[in-house]
Amino acid sequence: MLINPNTSADTTAMMTAIARRTLGSSVRGVTVARGPRMLTDPAALRASVPEVVAAARRALAAGDCAGLVVGAFGDPGVAELRAFAGVPVVGLAEAACAEAAAGGVRFGVATTTPDLAEAIGRRIADLGLADRYTGIRLTRGDARLLSAEPEALREELAEAVRACVVRDGARAVVIGGGPLAEAADALRERFDVPVVAPVPAACRRIARELARSDPANLLGP
């Protein structure tokens, strides 16, 4: 189950489609019942936690949920879900940043939400990756308006990725946001360094965790 912590059903459908390319048709997407259409500041991120927990409880009550992916880069509710879920739980930030930093690689984050820059830095520190983090680079303009223009979003994110590499010395760049998943996929072939798309990274991680817990759970197309 992929839980979208914002209330955009279009974003849920987009992330679910990307997740299915990694894990197959067994992925189901669910949108939280209440909250903003885009999480752009720490208050919205915190407010999404009980909604993520409620959505997960509903999914688990159905009895056919093998694992949970939380589809927002701040990983809202991941710690809370791990306290009771009884199935693997993965957040986008933890999966993407760990993948980018593997082998001691220095990595940056490119994203659209300036008000979340400090929260992203804290999350990376909590993951024990601060020594490999080169910093965050941001797109120009309002994140909500930019999200409605896919081509402009891709180009703005490309500039942010380039700044991470050229100015900060990053050798891998994470695209920081669930709603940015489609743009992240499109950017991976445009750079000589890895550009880590968060939804596929989370899916790869949960597939590994499911395989470790029970080889019969190994998912694929």
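Everything discussed here concerns the structure shown above.
The paragraphs below set out a description of the structure included in this document. From a predicted model like this one, the values you see are computed outputs, not experimental measurements.

Some details on the side chain of T134
- Considering the arrangement of structural elements, one finds T134 in strand β6 (residues 133-138).
- Separated by 3.5 Å, the side chain of T134 and the backbone nitrogen of G108 make a polar contact.
- Aside from chain neighbours lying at most four places away, what touches T134 is R106, F107, G108, D168, G169 and A170.

Some details on the sheet that holds strand β5 (residues 107-111)
- With parallel pairing, four strands are arranged side by side in an open sheet as β6-β5-β7-β8. Since the sheet does not close on itself, it has two edges, and those belong to β6 and β8 (195-196), each with one partner.
- Note that β5 and strand β7 (residues 172-175) share four bridges and pair parallel. Bridging across to β7, A110 finds its partner in I175.
- Packed on one face of the sheet, helix α5 (residues 117-126) meets β5 and β6 and runs near 155° to β6.
- On the sheet, helix α7 (residues 150-166) packs against β5, β6, β7 and β8 and is oriented at approximately 160° with respect to β5.

Focus on the sheet that holds strand β4 (residues 89-91)
- Spatially, four strands are ordered β2-β1-β3-β4 in an open sheet, and the strand pairing comes out parallel. Of all strands in the sheet, those bounded by a partner on one side alone are β2 (29-31) and β4. Going across the sheet, the axis of each strand differs from the next one's by a mean of 25°, ignoring polarity.
- Pairing of strand β1 (residues 2-4) with β2 involves three bridges; the strand directions are parallel. By the bridge assignment for β2, I3 is matched with V30.
- In the packing of helix α9 (residues 198-213) onto the sheet, contacts are made with β1, β3 (68-70) and β4, and the angle to β4 comes to roughly 160°.

A short note on helix α2 (residues 42-61)
- With 20 residues, α2 extends 29 Å from end C-alpha to end C-alpha; this agrees with the ideal 28 Å at 1.5 Å per step.
- Along its buried surface, α2 packs onto β1, β3 and α3 (78-82).
- One or two positions beyond α2, positive phi appears at G63, with a value near 85°.

Scoring rules and cut-offs
- Residues numbered from 1 in each chain as written.
- Predicted model: local features only at pLDDT ≥ 70, side-chain atom pairs only at ≥ 80, totals over all residues.
- Heavy atoms only, no water.
- Helix = DSSP H or I, 4+ residues; strand = E, 2+ residues; numbered from the N terminus.
- Polar contact = N/O pair within 3.5 Å; in protein donor to acceptor, adjacent residues only side chain to side chain.
- Contact = heavy atoms within 4.5 Å.
- Pairing = 2+ DSSP bridges.
- Axes fitted to C-alpha atoms, helices over the stretch in contact; angles between N-to-C directions.
- Expected span 1.5 Å × (residues − 1).

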